[in-house]
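# Coordinate analysis (summary)
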Amino acid sequence: MTGSDVTVGRTKLDEIAVQAGVSLSTVSKVLNGRSDVAAITRKRVEGILDEHGYQRRAGLPGRNNLIELVFPDLDTVWAMELIRGVENVSKANGLSVVVTESGNRHSPSPDWITGVLRRRPVGVVLVFSDLSDDAKGQLRSRAIPFVIVDPAGDPAPDVPSVGSANWSGGLMATRHLIELGHSRIAAITGPDDMMCSHARLDGFRSAMNTAKLPVDEGLVAFGDFHVDGGRDNARAMLDRDDRPTAIFAGSDLQALGVLDAARSLGIQVPSQLSVVGYDDLQLAQWTSPSLTTVHQPLTRMAEEAARLIIRMSEGELESIPRVDLATRLVVRESTAPPVG
């Protein structure tokens with residue numbers, strides 16, 4: 001890339017180099033994600049590029065025909081649903097998919113950005129709650145579009161995202177149990193530091209309040225969206241003399257833990273305990289009994305994110321897209337009216 005390739009208003013890249021006190025080749029290295037630039041120099045150049053609103057034009061030569069999909073943890077059943085969705089759209093558009101594991105559930109690790117700038121994909125789909133300001137700036141300055149597929153958080157307003165209606169999901173799950181006749185209902189949501197956990201729990205509370213049913217705070221717990229979290233919390237609730245007749249679990253994996261806890265205590269599902277999950281993973285229909293759950297369209301969410309990446313890479317979208325797909329209740333065998 002040379003200074004004639006792009007302008008920032010009237011400021012050319014060679015002028016940015018002068019302002020930063022570096023060579024034009026150093027500016028080019030920063031733009032291309034090269035690792036042989038000192039961190040302090042890179043930060044200074046990035047800052048000046050941001051000040052001038054620099055964005056590399058989409059579609060310039062050198063892009064690899066791939067979409068990068070980044071997870072904090074691949075050891076989840078729903079990861080395969082998201083991979084399938086991105087793969088579906090990528091194949092249809094002649095692109096490949098690279099899957100990366102990095103960081104924690106909130107954001108990828110800082111060193112991830114170096115790798116993605118070097119790989120230079122068409123765009124990036126991230127399964128996180130947010131991105132650091134530094135990562136956003138570096139991706140935007142290279143015109144590498146990114147979208148957060150957000151089954152687990154609430155991205156910042158300046159971040160393109162695809163999510164689902166978590167509050168409505170919690171509401172409809174709890175309403176289903178109330179309509180069956182349950183009044184003593186427990187809720188095991190996800191981690192306390194994730195917005196979707198609170199949104200699903202808020203939906204639960206809204207349904208209970210609307211029905212004028214009391215919420216026993218001893219029957220409300222924050223879990224981890226995994227089997228162990230569901231099992232441990234359910235066991236504590238079901239060991240009580242005044243145990244619940246129904247449990248809304250904030251994920252299908254936690255619901256599996258609830259089923260396991262009930263089984264170990266000799267509690268029959270659904271005759272003695274109704275259970276509702278959240279996600280509608282493929283395994284939900286194969287549990288015993290099959291799981292009533294809130295369908296979160298994970299594959300569709302990933303497909304929509306990949307489509308947005310392609311449209312942004314082609315310059316079709318000017319505003320920041322925020323897409324929320326509807327959830328729906330899937331009633332199976334794990335829920336029934338309370339006995340007695």
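Please refer to the structure placed before this passage.
So, here is what we can say about the structure in this document.

Thresholds applied
- Residues numbered from 1 in each chain as written.
- Predicted model: local features only at pLDDT ≥ 70, side-chain atom pairs only at ≥ 80, totals over all residues.
- Heavy atoms only, no water.
- Phe/Tyr/Trp six-rings, centres within 6.5 Å; stacked < 30°, edge-to-face > 60°.
- Lys NZ or Arg CZ within 6 Å of the ring centre and 35° of its normal.
- Pairing = 2+ DSSP bridges.
- Helix = DSSP H or I, 4+ residues; strand = E, 2+ residues; numbered from the N terminus.
- Axes fitted to C-alpha atoms, helices over the stretch in contact; angles between N-to-C directions.
- Contact = heavy atoms within 4.5 Å.
- 1 Å grid on protein atoms, 1.4 Å probe; cavity = no way out; pocket = protein on both sides within 12 Å on 5 of 7 lines; lining within 4 Å.
- Points joined across faces, edges and corners; volume = space filled by probe spheres on them.
- Nonpolar A, V, L, I, M, F, W, Y, C, P; charged D, E, K, R; others polar.
- Parallel < 35°, antiparallel > 145°, perpendicular 65-115°, else oblique.
- Left-handed = near helix turned anticlockwise from the far one by under 90°.
- Core = buried A, V, L, I, M, F, W, Y, C linked by side-chain atoms within 4.5 Å.
- Buried < 20%, exposed > 50% of the residue type's maximum accessible area, 1.4 Å probe, protein only.

## Things to note about the packing of aromatic side chains
Enumeration over the complete set of coordinates arrives at 0 aromatic pairs. Positioned above the aromatic ring of Tyr 278, the side-chain terminus of Arg 200 is 3.8 Å from the ring centre.

## Here we look at the sheet that holds strand β7 (residues 161–164)
Read from one edge of the open sheet, 6 strands run β4-β3-β5-β6-β7-β13, paired in parallel fashion. Two strands close off the open sheet at either side, each with one partner strand: β4 (96–101) and β13 (322–325). Pairwise comparison of adjacent strand axes, ignoring direction, gives a mean angle of 20° for this sheet. With 3 bridges connecting them, strand β5 (residues 123–126) and strand β6 (residues 146–150) associate as parallel partners. If you follow Leu 126 over to β6, its bridge partner there is Ile 148. Sitting on the sheet, helix α5 (residues 112–119) touches β3 (66–71), β4 and β5, and the angle it makes with β3 is about 170°.

## Remarks on the layout of surface pockets
Roughly 370 Å³ of internal volume is contained in the second largest pocket. Classifying every residue of the lining of the second largest pocket gives 11 nonpolar, 6 polar and 5 charged.

## What to know about the packing of helix α9 (residues 227–238) against helix α10 (residues 252–264)
Helix-helix packing is described using two parameters, namely the angle between the two axes and the distance between the axes. Where α9 meets α10, the axes come as close as 6 Å, and the angle between the chain directions of the two elements is 45°. Here α10 runs oblique to α9, going by the angle between their axes. Judged by the sense of rotation from one axis to the other, the crossing of α9 with α10 is right-handed. On α10, the residues that touch Val 227, Gly 230, Arg 231, Ala 234, Arg 235 and Leu 238 of α9 are Leu 253, Gln 254, Leu 256, Gly 257, Val 258, Asp 260, Ala 261, Ala 262 and Ser 264.

## Some thoughts on the nonpolar core
The biggest cluster of nonpolar side chains holds 29 residues, and the ones touching the most others in it are Ile 67, Phe 71, Leu 82 and Val 125. Going through the elements one at a time, β3, α4 (77–92), β6, α11 (298–313) and β13 are the ones with two or more residues in this core. Considering every element that reaches this core, the biggest residue donor is α11, with 9 residues. If we skip the residues at most four places from it in the chain, Phe 71 touches Trp 78, Ala 79, Leu 82, Ile 83, Val 99, Thr 100, Glu 101, Ser 102, Val 127 and Phe 128. Of all hydrophobic cores here, the second largest spans 20 residues; its members include Ala 234, Leu 238, Val 258 and Val 269.

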